[in-house]
Amino acid sequence: MSHRMPKSERSLRQRAEKRARLTAHAGLATWGERLVPLGQFRSATAAAGRTLDSAAQEATRRDFLSHQPDPTTVEGPYSRIAVFGGVYNNHPALAALLDEVTSRSADAIYCLGDLGGFGPHPNKVRPLLEEGAVRVIQGNYEESLAANHQDCNCGYTDPRDNHFADVSYRYTAENTSLGFKRWMGTLPRRRRVLVGNRELLLVHGSPRRINEFLFASTTPVPFLEMLLDQEKADALCCTHTGLEWHRPLPSGRDAINVGVIGRPANDGRPVVRYCWLEEARGKLAVELVELAYDHRLLAQEMRREELPNEFIETILDGWWTTCLEILPARERARSRH
Amino acid sequence: MSSVSPTADQEAQSPRVELRHLDTLWFQVGGTLCNLACTHCFVSCSPTNHTHEMMRLEEVLTFLDEAASLGVKEYYFTGGEPFLNPEMEAILEHTLAYGPATVLTNGLLLDRTRSRRLAGIAEAADYSLDVRVSIDGYSAESNDPIRGSGTFDRILSGVANLTAAGLNPVLTVTEVHDENSSAYGKERFFSVLRRLGIDKPRLKILPLFPIGAEAERGTAYESWQRLRSSDAPADGWDHLQCSTSRMVTDQGVWVCPILVNEPSGKMGATLADTLRPFPLAHAACWTCHVYGVSCRT
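Because the structure is a prediction, the values reported are computed rather than measured.

(A) Spatial organisation of the environment of Thr32(B). All names here are of chain B. Residue placement: Thr32 occurs in the loop between β2 (24-27) and α2 (57-69). Sequence-wise, Thr32 and Cys45 are 13 residues apart; in three dimensions their C-alpha atoms are separated by 4.7 Å. Of note is the side chain of Thr32, whose polar atom sits 2.8 Å from the backbone oxygen of Asn49.

Pasting the structure below:
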């Protein structure tokens, strides 16, 4: 129609540019920022890198995976032990756990670290650990507190997660005695324990890193088999994520995240979890145990200490409100928030 | 501006990054073929770019077996556009028997049927399936000039389809606009997601790499933007993803997803060939170091 404006020069130019972009690469390859004939790029890549024969490949893979022997002393053998992680200042849960595993006659009790954060009154944890003769390994929380770090090294990227991690770290840092912090600095990073004839490796995050997250849905079998091969262990026990799982491996070994006793496992129930391990006819019997404790008492103390409502809510209703960004797709899908 | 490809001298003088362990394996399953031609694409992907071809399921399976023998922890799929690959869903299904998988997509091919099939694959799998959808602005006005006209609405409809099917994608944003990574920008992206009815919005911000189409846009590297041994942090180069990952394309194994258009970034034909240090001689290595880039979720 005559009164309509003709297409502007600008939009015609944009269209031509778009067409040029879409067809720019016909017969060409992008080599860095240049366009070159496809054949030139292909012959350069064909010549690049090294190509080992199959025997050399096998040897290279073996060398790459080879590992220094671990000089850690092996404790035990025991018939039954309790292993737990992530106390997060939750002294009522710790007291309940010690009662329960003592009545079940545990030969030894192990804690995989992260004593502080989240809950109230950090100093109430230490006497309980001593009374229960709990053997503790260092988590990222203990490492950071002992070294006077500015943050907990939890490994978050989301600013909201970091904000709450910071609130809980600062509270714990300010309320933990110097003596307790020094003691945290003396804790071992790993332990080895015999349950029956099964040798267990106990770590905080993973055998490789104190703050590596091992979630059920993102920790595959071949990776776990590789770690146990390298460590020459029959079972791996870790914590750090706050979510428990047990994976019996095809090799007959076990990988276990023992969960935490400091806060619920993001499943809408106010209970926490620990791990019970027993010798069972030459094998390892693994039980992930639910533990009820006086969570209302804990919530009251947290309120009096003016800890964030978000934390108290989790203790009462069992759903996480923070540290959600780190959850893999599957664990996040099950989450309420 | 300096050329992107380093000289032999530069390679020899560069610091070297050790491969600590092969945790993350990437696949350029879509090759450099894409139904878009974004102006900032660091591999210049487009409908006519055959620099790398799509990968076949059979090729991927060979690498999955080798990866399992090395104890690889996670798998990432990119392109180009992965869902242009007719075998993409089968590739994800097979991969999820080996470990968790993340697919990076532009979201345009995620119709309801495919979204439902992907949700079914995720549900049946042993491990987590994560879908990352790229977008470059929180409005059509800011996104479309980069990714193409009409793409903002099409991307969001892909995100909505995934959500309706029960998946929870991560919205992946580059710093193509300064405000994208600001607190204000992040909040705008979160509100876009909430308006779609997503109550658990997930967001990831990535820096730009001045290579490929982005270099043609006029933001290529300066000659001083190269790493020297003296740049090494006290604990070494372990913060770089090339200390724990490799990238597979139809033409072999590369050091990382960024350098696939550099023949000198190719390290070998199998994973075993690449279990060795790499010289940090490229300008893009500087970006990873300075911006602390991790392409992972």
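Further notes follow.
(B) Region of interest: the packing of α2(B) against helix α3 (residues 88-95) of chain B. All names here are of chain B. Interhelical geometry of α2 versus α3 gives an angle of 15° and a closest axis separation of 10 Å. By the angle between their axes, α2 is roughly parallel relative to α3. Classified by chirality, the crossing of α3 by α2 is right-handed. Seen from α2, the contacting residues are Leu57, Val60, Leu61 and Leu64; seen from α3, they are Ala90, Ile91, His94 and Thr95. Partitioned by chemical class, the residues of the contact of α2 with α3 number six nonpolar, two polar and no charged.

(C) Looking closely at the interface of chain B and chain A. The partner chain A presents 55 residues to the 65 residues of chain B that form the contact. Taken together, the two surfaces of chain B and chain A that pack against each other cover about 4500 Å², and 52% of this comes from carbon and sulfur. In this structure, the connection of chain B to chain A is made through four salt bridges. Where Arg61(A) meets Glu66(B), a salt bridge forms, and the shortest distance between an N and an O atom there is 2.6 Å. Our count for the chain B to chain A interface comes out at 30 residue pairs in polar contact (both at pLDDT 80 or more). Those elements that provide at least two residues to the side of chain B that touches chain A are α2, α4 (112-124), β5 (129-135), β7 (202-206), α8 (213-219) and β10 (266-268) of chain B. Tallied by class, residues from the side of chain B that touches chain A come to 26 nonpolar, 23 polar and 16 charged.

(D) Molecular detail of the pattern of salt bridges. All names here are of chain A. Under the definition given, this model contains 33 salt bridges over all chains. For Glu143, the salt bridge identified is with Arg189, shortest N-O distance 2.9 Å. Of this pair, Glu143 sits in helix α6 (residues 140-146) while Arg189 sits in the loop between α8 (178-185) and β7 (191-195), and the two are 46 residues apart along the sequence. Assessed through its relative accessible area of 42%, Arg189 is described here as partly exposed. Between Glu290 and Arg269 there is a salt bridge whose closest N-O contact spans 2.6 Å. Of the two residues, Glu290 sits in strand β13 (residues 283-291) while Arg269 sits in the loop between β11 (254-257) and β12 (272-280), which places them 21 residues apart along the sequence. Its relative accessible area of 40% is what places Glu290 among the partly exposed residues. When salt bridges that share partners are traced, they join Asp70, Arg190, Arg192, Glu199 and Glu231 into one network.

Calculation notes
- Residues numbered from 1 in each chain as written.
- Chains lettered and ligands numbered in written order.
- Predicted model: local features only at pLDDT ≥ 70, side-chain atom pairs only at ≥ 80, totals over all residues.
- Heavy atoms only, no water.
- Helix = DSSP H or I, 4+ residues; strand = E, 2+ residues; numbered from the N terminus.
- Polar contact = N/O pair within 3.5 Å; in protein donor to acceptor, adjacent residues only side chain to side chain.
- Axes fitted to C-alpha atoms, helices over the stretch in contact; angles between N-to-C directions.
- Parallel < 35°, antiparallel > 145°, perpendicular 65-115°, else oblique.
- Left-handed = near helix turned anticlockwise from the far one by under 90°.
- Contact = heavy atoms within 4.5 Å.
- Nonpolar A, V, L, I, M, F, W, Y, C, P; charged D, E, K, R; others polar.
- Buried area = accessible area lost by both parts, 1.4 Å probe.
- Salt bridge = Lys/Arg side-chain N within 4 Å of Asp/Glu carboxyl O.
- Buried < 20%, exposed > 50% of the residue type's maximum accessible area, 1.4 Å probe, protein only.

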